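Chain residues, written in single-letter form:
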Amino acid sequence: MSRRGRAAAFGLLALGCAALAAVIADSYGTSVASQYGELRPVLVASRDLSPGSVIDAHDLGRRIDVRRVPASFVPPDAVAAVGDAVGRAPAAPLPAGSYLLDSQLEVPHRSRNGDQPEIADGLRPVEIAVTGAEALGTGGGSPQGMRVDVVVTTEPDVGDDGRTFIAAESVELLALSEIGGAAGGEEGLGAAPTWNATLALTRDQALRLIQAENFARQVRLMPHV
């Protein structure tokens, strides 16, 4: 057999082996699924989580991972979505590798001591990055405890310039801190300062703002009137 013929034969043999391996893997996966159930997403602590440490959207990939586990191994109250954990904190220490369970997470309680606003029932503290928040302090005093609207500007799409809308109306501002100044050289030409704002939100509001923070062009706060 010529060199070219041997090369073609080896190529066909390799393709056959690859196809056989795929069939075996698929058969094994089907067998596992039939025995233990379909794979389901669950949240797992990738680092030790201490009691009272509030979970935010930025913890995904840092302190929390999403894993797919056969249904028969998933605890009944395992948390499956990041939005269900954001703004909540472990009630007891959670070692790395533990499932995040709904029964183990609680909304941190705050009392009106000093400048700390109380969080109403059904709300949770959620931290998001915003711009333009310096306007909140122009009236003097601390903006903590004031009611604000969260305004989102979407990225432009083909054929339009994006849109601006209120994603959360009249929510309570729990804390505000500047995390970055204007960048880009000459004053007035750089990016707007960035702030961390902690807001008291419902679960649905938290999910909307987490998505906006990840994909929108701009998230701003303005006093609610």
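Since the model is a prediction, treat every value here as computed from it, not as a measurement.

Q: Which parts of the structure should I look at to understand the environment of Pro76?
A: Relative to the helices and strands, Pro76 is located in the loop between strand E2 (64-70) and strand E3 (89-90). Of the residues examined, Pro76 reaches a relative accessible area of 89% and is grouped as exposed. Considering only alpha carbons, one finds Pro76 and Leu101, 25 residues apart in sequence, at a separation of 8.5 Å.

Q: What's the story with the nonpolar core in this structure? I'm lost.
A: Ile128, Val130, Val150, Leu199, Leu209, Val219 and Leu221 are the most contacted members of the largest nonpolar core, which has 25 residues in total. Counting only elements with at least two residues in this core, the list comes to strand E5 (124-131), strand E6 (147-153), strand E7 (164-180), strand E8 (194-201), helix H2 (203-215) and strand E9 (218-223). Ranked by size, the runner-up nonpolar core spans 10 residues in total, among them Leu43, Ile64, Val79 and Leu94.

Q: Can you help me understand the pairing of E8 in this one?
A: If a strand is regular, its side chains alternate between the two faces of the sheet. Counting buried positions over the 8 residues of E8 gives 7, a clear majority of the element. Bridge count for E5 against E8 is 8 bridges, and the pairing is antiparallel. Bridged to Arg124 within E8 is Leu201.

Q: Honestly, the pattern of salt bridges in this entry has me stumped. Any pointers?
A: For side chains bearing opposite charge, pairing can occur when the charged atoms are close. A full pass over the atoms with the stated rule returns 5 salt bridges. For Asp59, the salt bridge goes to Arg62, with nearest N and O atoms at 3.0 Å. Using a relative accessible area of 3% as the deciding quantity, one classes Asp59 as buried. Relative accessible area serves as the criterion here: at 44%, Arg62 is assigned to the partly exposed category. With a closest N to O distance of 2.9 Å, Arg88 and Asp102 form a salt bridge. In this pair, Arg88 sits in the loop between E2 and E3 while Asp102 sits in the loop between E3 and strand E4 (105-106), placing the two residues 14 residues apart along the sequence. Connected via shared salt-bridge partners are Asp59, Arg62 and Arg63.

Q: Looking at this structure, how should I read H2?
A: Residues spaced three or four apart along an α-helix face the same direction, because each turn holds 3.6 residues. Its 13 residues place the ends of H2 19 Å apart at the C-alpha level, agreeing with the 18 Å of an ideal helix rising 1.5 Å per residue. Within H2 the residues assigned to the buried category are Gln205, Ala206, Leu209, Ile210, Ala212 and Glu213. The arc enclosing the buried residues of H2, seen along the axis, measures out at 165°, which places them on a common side. Residues of H2 that are exposed and point over 90 degrees away from its buried face: Gln211, Asn214 and Phe215.

Q: Is there a simple way to think about the packing of aromatic side chains in this case?
A: The description of two aromatic rings rests on the distance between their centres and on the angle between their planes. Considering all chains together, one arrives at 0 aromatic pairs under this definition. Directly above the ring of Phe165 sits Arg163, whose terminal nitrogen or CZ lies 4.3 Å from the centroid.

Q: Please clarify how unusual backbone geometry should be interpreted in this entry.
A: Trans peptide bonds make up most of the peptide bonds, and negative phi angles are found at most residues other than glycine. A positive phi angle, near 55°, is found at Ser170, a position not held by glycine. As for its position among the elements, Ser170 is in strand E7.

Q: Before we go on, may I ask you to explain the environment of Leu49 in this structure?
A: Examined against the element boundaries, Leu49 turns out to sit in the loop between strand E1 (39-45) and E2. Considering only alpha carbons, one finds Leu49 and Ala92, 43 residues apart in sequence, at a separation of 8.5 Å. Apart from residues lying up to four places away in sequence, Leu49 is in contact with Arg63, Pro90, Ala92, Pro93, Leu94 and Leu100.

Q: I tried to follow the environment of Arg147 on my own but got confused; where do I start?
A: As for its placement among the helices and strands, Arg147 is situated in strand E6. Considered as a pair, Arg147 and Leu174 are 27 residues apart in the sequence and their alpha carbons are 9.5 Å apart. Arg147 has contacts with Ser170, Val171, Glu172, Pro223 and His224, leaving out every residue within four places of it along the chain. Here the side chain of Arg147 touches Ser170 through a polar contact of 2.9 Å, landing on its backbone oxygen.

What counts and what doesn't
Each chain carries its own residue numbering, running from 1 in the written order of its sequence. With pLDDT at 70 or above as the cut-off, local features in this predicted model cover only qualifying residues; side-chain atom pairs require 80 or more to be listed or tallied, and sums for whole chains, interfaces and linings still use all residues. With hydrogens and water set aside, each side-chain value is computed from the structure's full complement of heavy atoms. Numbering of helices and strands runs from the N terminus, with a helix taken as a DSSP run of H or I at least four residues long and a strand as a DSSP run of E at least two residues long. Each residue gets one of three labels from its accessible area relative to the maximum for its type: buried under 20%, exposed over 50%, partly exposed in between, using a 1.4 Å probe on protein chains only. What we call a nonpolar core is a set of buried Ala, Val, Leu, Ile, Met, Phe, Trp, Tyr and Cys residues that are connected through their side-chain atoms within 4.5 Å. A strand pair is defined by DSSP finding two or more bridges across the two strands. Just to be clear on terms, a salt bridge is a Lys or Arg side-chain nitrogen sitting within 4 Å of an Asp or Glu carboxyl oxygen. To estimate the expected span of a helix, count its residues, drop one, and scale the result by 1.5 Å. Working note: the arc is built from the helix axis to C-beta atom directions. Pairing of aromatic side chains requires ring centres within 6.5 Å, counting the rings of Phe and Tyr and the six-membered ring of Trp. Pairs whose planes differ by under 30 degrees are stacked, by over 60 edge-to-face, and all others tilted. Whether a charge sits over a ring comes down to the Lys NZ or Arg CZ being within 6 Å of the ring centre and within 35 degrees of the ring normal. Should any heavy atoms of two residues lie within 4.5 Å, those residues are counted as being in contact. Two N or O atoms form a polar contact when they lie within 3.5 Å of each other; inside protein one atom must be a possible hydrogen donor and the other a possible acceptor, and for residues adjacent in sequence the pair counts only when both atoms belong to side chains.

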